[in-house]
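# Per-entry structural report
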Amino acid sequence: ELSQKELRSKIGYVPQKGFLFKGNIKENVSLGHPELSYDSIVEACKIAEADNFINERNEKYDFEVAQGGKNVSGGQRQRLCIARAVSFKPEILIFDDSFSALDYKTDKKVRENLKNEMTDATKIIVAQRVGTIMDADQIIVLDEGKIVGIGKHQELLNTCSVYLEIALSQLTKEELGLC
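None of the values given here were measured: they were computed from a predicted structure.

Rules behind the numbers
- Residues numbered from 1 in each chain as written.
- Predicted model: local features only at pLDDT ≥ 70, side-chain atom pairs only at ≥ 80, totals over all residues.
- Heavy atoms only, no water.
- Helix = DSSP H or I, 4+ residues; strand = E, 2+ residues; numbered from the N terminus.
- Buried < 20%, exposed > 50% of the residue type's maximum accessible area, 1.4 Å probe, protein only.
- Phe/Tyr/Trp six-rings, centres within 6.5 Å; stacked < 30°, edge-to-face > 60°.
- Arc of directions from axis to C-beta.
- Contact = heavy atoms within 4.5 Å.

Time to look at unusual backbone geometry. For Lys60, which is not a glycine, the phi torsion comes out positive at approximately 50°. Position of Lys60 among the secondary structure elements: in the loop between helix H4 (51–55) and strand S3 (64–65). One non-glycine residue, Asp97, adopts positive backbone phi at about 55°. Relative to the elements of secondary structure, Asp97 occurs in the loop between strand S4 (92–96) and helix H6 (104–117). The class of Asp97 is buried, set by a relative accessible area of 9%.

Below is the structure:
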């Protein structure tokens, strides 16, 4: 019953390959939401673990980003795109393999921040990294485009051979709690 515009206003989306536009960090994070306050932009960057590298720069949030974000690293670019998606506090967040550009430690910290700060938002995470999704409320395992398992991490380790194979290719038995 929602219009397309209203539906889109409720969704924050981060693609696998984040893209930044020519302009400063504030403009990139508030893109599409010019009404955002400076404090909202800073809060979003903290959730996305981007505030540390921003504050290391002399210009801070006024740092000029090159077209495509070519003057920041891939992980920094992705964290700014995550900040953009969370900045307006959408009801639904979709992360399309967008944590893969982050190191494991940052990935975990961003997910913790999202869990603590975006408590009312529904989060959909598409990921190939088991460590990114193992704490999810529900995991859907796809194999060649078909659903082969649905459940929580521990349950899927015991019931879904595809999930177990993927998990063992990425983590040790100890890390997976299989010992």
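Past the structure itself, the notes keep going.
This part is about the packing of aromatic side chains. Counted under the stated rule, the structure contains three aromatic pairs. Taken together, a centroid distance of 5.6 Å and an interplanar angle of 75° make the contact between Tyr38 and Tyr61 edge-to-face. Of this pair, Tyr38 sits in helix H3 (residues 38–47) while Tyr61 sits in the loop between H4 and S3, and the two are 23 residues apart along the sequence. Classification of Tyr38 as partly exposed rests on a relative accessible area of 44%. Judged by centre distance (5.0 Å) and plane angle (40°), the ring pair of Phe95 and Phe99 falls under tilted.

A few words on the side chain of Ser98. Within the element layout of this structure, Ser98 appears in the loop between S4 and H6. Classification of Ser98 by relative accessible area gives buried; the value is 0%.

Residues of helix H9 (residues 161–170) that are buried include every one of Val162, Tyr163 and Ala167, and no others. In a view along the axis of H9, the buried residues occupy a sector of 130°, so they form one face of it. Residues of H9 that are exposed and angled more than 90 degrees away from the buried face: Ser161, Glu165 and Ser169. Those residues of H9 that are buried are in contact with helix H7 (130–133), strand S6 (139–143), strand S7 (146–151), helix H8 (153–159) and helix H10 (173–176).

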